[in-house]
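The lines below spell out each chain.
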Amino acid sequence: MIKPLKLLVAAATTTCALSFSQMAMAKSPTVQAIQDRGSLLCSGHNGSYFGFVEVNDKNEWKGLDIDLCKALTTAILGSPDKVKIIPLSWAQRFTSLQSGDVDIVIKATGWTMGRDTELGLQFSLPYFFAGAQLMAHKELGINDATGLEGGTVCVEAGTTIERIVADYLKTKNVKHTMVAYEKASELRAAYLAERCDAFAAWGPSLAVLRATGVDDADKHVILKDVLSSEPIAAAMRQGDEEFVDVMNWAIASLLLAEEYGVTKANIEEVVANPPNPTVARLLGVTPGIGKRLGLRETWAREMIAEVGNYSEIYERNLGKESPYKLARGLNNLWSHGGVLYSPILD
């Protein structure tokens, strides 16, 4: 005869298991709203942020951040064509998210404590790492930030770069004038017209501008100071942890696909013969990846088939297949000397 205590423990265990199962299967309210609407509202830019958010000569959105918007849209709605890109300035992105004008901000956004605790935001896994730097006119004859004493530094309004540069130059006791511009195009024009001695931005953005956006790259020098090392992540409204889970596992799946060599070209072949249990789970051959997120079992497979793995996204937008030819550096997988990694898909 089973003792009453054992019966109580068994009942409690069963109740907890059911409760956890129900929690795991709960659907994100944001995902439900996206599915009801039939489109995902993702942040764009009020101009071009080369390599990340830009418009091509066919008036089509492109860039690493745009591809992540398309990847998430495919995961939730089954097609990248159902994304709607909403042009926003840097200053508009968080108010637009808070008001519901966009579902998510994927726009070269740094994960900071202030944004995490004061703006009602929560962040995904970092999908990119970069530091703030300064580019100056070579004719000034300087190679580090101390040479900007008494100079003018231009920066884009509403970004973490403003605070980072101000703090850095204060620490170095460099007196300067900071001028903020609302649009990237205005900022570039001011710098190229020599209304600014230096241009503060993300290191990758400066490298892109120097390589493709000036008449003579040799007339500009990227100063040796690296002002920050910033984790870049997707921003979402607080209170919908299930949506954060969906975004996290979308990013993780792109990284896992790269790690295991799953590409747009070979995905159907891999689905037919997965090389290991992790890949079988990733591609929905072994069920679980969909049910736990309230999505289709094949969402990751469809996403990779549409946009490729992380390496494919990086190389076509920033790397060797792009005009910018930026080496991956920190943005390589951990197994290749970088800092990007995926949680374990069990």
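Up top is the structure these notes are about.
Counting of residues starts from 1 at the beginning of each chain's written sequence and follows it residue by residue. Confidence filtering applies because this is a predicted model: local features only for residues at pLDDT of at least 70, side-chain atom pairs given and counted only at 80 or more, and all residues used for totals across whole chains, interfaces and linings. Hydrogens and waters are ignored; side-chain quantities use all the structure's heavy atoms.

Caption draft 1: The arrangement of the pattern of salt bridges in detail. Here a salt bridge means any side-chain nitrogen of Lys or Arg lying within 4 Å of a carboxyl oxygen belonging to Asp or Glu. Counted under the stated rule, the structure contains five salt bridges. Arg328 is the salt-bridge partner of Glu258, the closest N and O atoms lying 2.7 Å from each other. You can see Glu258 sitting in helix α9 (residues 241-259) and its partner Arg328 sitting in the segment after α13 (310-317), a full 70 residues away along the chain. Accessibility here uses a 1.4 Å probe with only protein chains present; expressed as a share of the type maximum, an area under 20% marks a residue as buried, one over 50% as exposed, and anything in between as partly exposed. For Arg328, a relative accessible area of 8% corresponds to the buried category. Close ionic contact of Arg296 with Glu302 constitutes a salt bridge, the shortest N to O distance being 2.9 Å. With a relative accessible area of 24%, Glu302 lands in the partly exposed category. Every helix listed is a DSSP run of H or I at least four residues long, and every strand listed is a run of E at least two residues long, numbered separately from the N terminus.

Caption draft 2: Focus on helix α8 (residues 203-212). Taken as a whole, α8 has its buried residues at Gly203, Pro204, Ser205, Leu206, Val208 and Leu209. Two residues qualify as a contact provided that any one of their heavy atoms is within 4.5 Å of a heavy atom in the partner residue. On its buried face, α8 sits against β6 (128-130), β7 (132-137), α7 (184-192), β10 (198-202) and β11 (220-222).

Caption draft 3: Structural context of unusual backbone geometry. For Asn59, which is not glycine, the phi dihedral falls at a positive 65 degrees. Looking at where Asn59 falls in the secondary structure, it is placed in the loop between β2 (54-55) and β3 (61-62). The exposure class of Asn59 is exposed, given its relative accessible area of 67%. Of note, the phi angle at Asn173 is positive, near 55 degrees, even though the residue is not glycine. By the element assignment, Asn173 lies in the loop between α6 (160-171) and β9 (176-181).

Caption draft 4: Region of interest: the environment of Lys70. Looking at the element boundaries, Lys70 is found in helix α3 (residues 64-77). On the accessibility criterion, Lys70 (25% relative accessible area) is partly exposed. In this structure Lys70 touches Trp61, Pro80, Val83 and Val307, once residues within four positions along its chain are discounted.

Caption draft 5: Structural view of the nonpolar core. Only buried residues count toward a nonpolar core. Its members are Ala, Val, Leu, Ile, Met, Phe, Trp, Tyr and Cys residues joined through side-chain atoms within 4.5 Å. Judged by nonpolar contacts, the single largest core of 83 residues is most densely connected at Leu64, Ile104, Phe128 and Leu134. It is α9 that contributes the most residues to this core, 10 residues altogether. Discounting chain neighbours no more than four positions away, the residues touching Leu64 are Gly51, Phe52, Tyr127, Phe128, Tyr310, Ile313, Tyr314, Asn317 and Leu318. Grouped together as the second largest cluster of nonpolar side chains are 12 residues, Ala190, Phe199, Leu206 and Val214 included.

Caption draft 6: Main features of the layout of surface pockets. For the second largest pocket, the calculated volume is near 220 Å³. Of the grid points, spaced at 1 Å and generated over the protein atoms alone, those admitting a 1.4 Å probe that cannot get out make up cavities, while open sets with protein on both sides within 12 Å along at least five of seven lines make up pockets; any residue with an atom within 4 Å of a point is treated as lining. Lining the second largest pocket are 17 residues; nearest its centre among them are Phe129, Ala130, Pro204, Ala327 and Asn331. Listing elements by their share of the lining of the second largest pocket, those giving two or more residues are β6 and α8. Across the lining of the second largest pocket, the residue classes break down as 10 nonpolar, six polar and one charged. Grid points are joined across faces, edges and corners, and a volume is the space filled by probe spheres set on the points. Gly counts as polar in this scheme, as do all residues outside two lists: the nonpolar Ala, Val, Leu, Ile, Met, Phe, Trp, Tyr, Cys and Pro, and the charged Asp, Glu, Lys and Arg.

Caption draft 7: Layout of the sheet that holds β11. Each pair of strands is called paired provided DSSP finds at least two bridges between the two strands. Pairing is mixed across the open sheet formed by five strands, whose spatial order is β9-β8-β10-β7-β11. Each edge of the sheet is formed by a strand with only one pairing partner; in this case those strands are β9 and β11. Averaged over all pairs of adjacent strands, the angle between strand axes in this sheet comes to 25 degrees, irrespective of strand direction. As paired elements, strand β8 (residues 151-156) and β9 share six bridges and run parallel to each other. Looking across to β9, one finds that Val153 is bridged to Met178. Axes here mean lines fitted to C-alpha atoms, for a helix over just the part in contact, with angles spanning 0 to 180 degrees between N-to-C directions.

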